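# Examining the three-dimensional arrangement
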Amino acid sequence: MASTAKHGVEILRDPSLNKSTAFTEAEKQALDIVGLVPDVTETEELQLRRVMMQLSEKNTDLERYIYLVNLLDHNETLFYRTVMSDPARFLPIVYDPTIAEACLKFGHIYRQPRGMYLSITRRGKVKEVLKNWPEKDVRFICVTDGGRILGLGDIGANGAAIPIGKLQLYTACAGVPPQYLLPMYLDAGTNNEQYLHDPLYLGLRRTRPSTEELYAFVDEFVEAVQEVFPKCCIHFEDWTGADAVHLLQRYRDQYCVYNDDVQGTAGITLAGMINATKLKGTKLKDEKYLFLGAGSAGVGLANLLCSALVAQGISLKEAQSRVFMFDINGLLESTRKDLADFQRPYAHQHAPTRDFVEAIESIKPTTIIGVSTVGGAFNQKVIETMSRINERPVVLALSNPTEHAECTPEQAYTWSKGKAIYAAGVQFAPIHYNGQTFLPGQANNFYIFPAIGMAVFATRAKRVTDEMFIEAGQAVADQVPSELLKQGLLYPLQSNILEAEIQTAARVAKLVFDSGLARIARPADMVVFIRQHVYKPEYANEAQGVTKAA
Ligand code: NAI
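Note that the coordinates shown come from a computational prediction; the quantities given were computed from them, not determined experimentally.

## Some thoughts on the overall build of the chain
Per the secondary structure count, the chain includes 24 helices and 14 strands. Accessible area of the chain: about 21800 Å², with a carbon and sulfur share of 51%.

Written as structure tokens, this is what we have:
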């Protein structure tokens, strides 16, 4: 909390300044808030205890989510203190899977605005709208158009909860200070009939425009950001697959932008693949990969994986020949006429098939990756076929929320008779099977994007590159202790997430300096340098440096 010119009730109404029951007597006097708060001075621990008690009285995670959002509206420090006190418990509440329900009900549970809402009807005036944001030094905008939220499809303005939640994770998981973060919903309408007819829906009541019109709007937004917030990195989140890939291609060489679904998912999945090969005693380039789903997450991962394979010494063509994809219309193969340009490198010469098990039988992949949004798509036959072909089949069921996972860990371990190496996109409890305990890891990009964010923030990086995501994936993989890896855990424990992300951010920051992309001088010790930038959820002494208004 910074010293401020605000005083009196203004302090209590500003969540970044409010300490509620923790103001000292000296602060109450200096700030003119004597009598406006209870006449006590509580410790932060005691405040946290009250929050925990109130949370324990809530019956559902959605109620806990609403409570925490409300806490954030009043006391930012206490909110982050709560979430950072037990990340394994709170990440599933402030983010996946609870956020999915919060999105579906966004217009109904809405309390007050957070972040910005920019409608396509403001075209020509985007810069003026951005200038309304009270913070002038914005370093990250997380932006969605609600086009493909989680595995929920087009939910329009209800997707506004996603950038809000994502940016909270920058702070909670990697310590990026919250005042630099701006959640943004670009409203270009929705094709979701249910919401278009919901009186409490909070977006434009019109269907989506043509791609051309949408991209012209996004162009204006991206250019306006460069002017209004020149130090800002734009994080694209939850656009439809084609928009995600095309918009990334459109801006990545010119501006500081990245797409978390394309690059963050790829980084975290790569981490899991690296650790799976450690368990198998192989190398990434020895494996053969079959994706179920060829959208933004699938193609993004395939591209990053191929870059990592090339780094292991094979040609790009050879790398691509090890990656196969299967989508809603069957196997991607060279005679298919319905493929996008970015899917073509993975459409090999192969007989057409719409049967995933048949594709497994003929391609003989060592790893299957579910990024299809289709819950249960890795059925018993799929897992049994993979287990027949492989000693240790690698099964990554990445779609979320929970009901959309292609299979559960219990199914993977049971159907493979304990042979599968498994991770999901959401958190699952440990599984006991045949006298063994398996620890299913969560391949969620929240291990990656906050660390990338911290590295970009600390180094003031000019660009975000694929190499940064490969390095982040490698750094995450390196942090799983071997005793946990042996139990099948492919990712670091969430309870220690801040430390894991500091180490990851330090490795990425080193790469930023090595690549000449930093805008500041190189520090001597990268971990110390990152730690210096980490936000701590602690109150500042507000009695110092207070300027009372006349
Ligand atoms: P997308 O909409 O761009 O792509 C979905 C793909 O799945 C398309 O290629 C589609 O043809 C295919 N598909 C749909 N139904 C299918 C079926 N019945 N059989 C075979 N293929 C089918 O979506 P995107 O962005 O690629 O995301 C996909 C999933 O990955 C979502 O559920 C999302 O939540 C999840 N995801 C997980 C992340 C993680 O960190 N674990 C991060 C990003 C996305």
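## Things to note about the site of the ligand
Neighbouring the ligand are 25 residues; Arg-148, Thr-265, Ala-294, Ser-296 and Asn-400 lie closest to it. Backbone polar atom of Gly-295 to an oxygen atom of the ligand: 3.2 Å apart, as the coordinates give it. Within the backbone of Ala-297, an N or O atom sits 2.8 Å from an oxygen atom of the ligand. Surface burial for the ligand is 85%, taken as the share of its 860 Å² of free accessible area covered by protein chains. Secondary structure elements with two or more residues in the shell around the ligand: α14 (260-280) and α15 (296-311). In the shell around the ligand, the residues fall into nine nonpolar, 13 polar and three charged.

## A few points about the nonpolar core
Judged by nonpolar contacts, the single largest core of 165 residues is most densely connected at Leu-130, Ile-141, Met-184, Phe-221, Phe-236 and Ile-530. Ranked by size, the runner-up nonpolar core spans 30 residues in total, among them Phe-356, Met-386, Cys-407 and Phe-428.

## A short note on the pattern of salt bridges
For side chains bearing opposite charge, pairing can occur when the charged atoms are close. Going through the model one piece at a time under the given rule, you end up with 31 salt bridges. A salt bridge links Glu-237 to Lys-166; the nearest nitrogen and oxygen atoms lie 3.4 Å apart. With a gap of 71 residues between them, Glu-237 in the loop between β4 (233-236) and α13 (241-251) and Lys-166 in helix α10 (residues 161-174) connect regions that are remote in the sequence. Per residue, the accessibility class of Glu-237 equals that of Lys-166, and both read buried.

## Things to note about the sheet that holds strand β7 (residues 323-327)
Where strands meet in a sheet, backbone hydrogen bonds hold them as pairs that are either parallel or antiparallel. Overall, mixed pairing links the seven strands, which are arranged β8-β7-β6-β9-β10-β11-β14 in an open sheet. Both edges of this open sheet fall to β8 (330-331) and β14 (441-442), since each of them pairs with a single strand only. With two bridges connecting them, β7 and β8 associate as antiparallel partners. The residue bridging Asp-327 from the neighbouring strand is Gly-330, located in β8. Where helix α17 (residues 356-363) meets the sheet, it contacts β6 (289-292), β7, β8 and β9 (367-370), and its direction lies at approximately 170 degrees from that of β6.

Cut-offs applied
- Residues numbered from 1 in each chain as written.
- Predicted model: local features only at pLDDT ≥ 70, side-chain atom pairs only at ≥ 80, totals over all residues.
- Heavy atoms only, no water.
- Helix = DSSP H or I, 4+ residues; strand = E, 2+ residues; numbered from the N terminus.
- Areas by Shrake-Rupley, 256 points an atom, 1.4 Å probe, with all protein chains shown as cover.
- Near = heavy atom within 4 Å.
- Polar contact = N/O pair within 3.5 Å; in protein donor to acceptor, adjacent residues only side chain to side chain.
- Nonpolar A, V, L, I, M, F, W, Y, C, P; charged D, E, K, R; others polar.
- Core = buried A, V, L, I, M, F, W, Y, C linked by side-chain atoms within 4.5 Å.
- Buried < 20%, exposed > 50% of the residue type's maximum accessible area, 1.4 Å probe, protein only.
- Salt bridge = Lys/Arg side-chain N within 4 Å of Asp/Glu carboxyl O.
- Pairing = 2+ DSSP bridges.
- Contact = heavy atoms within 4.5 Å.
- Axes fitted to C-alpha atoms, helices over the stretch in contact; angles between N-to-C directions.

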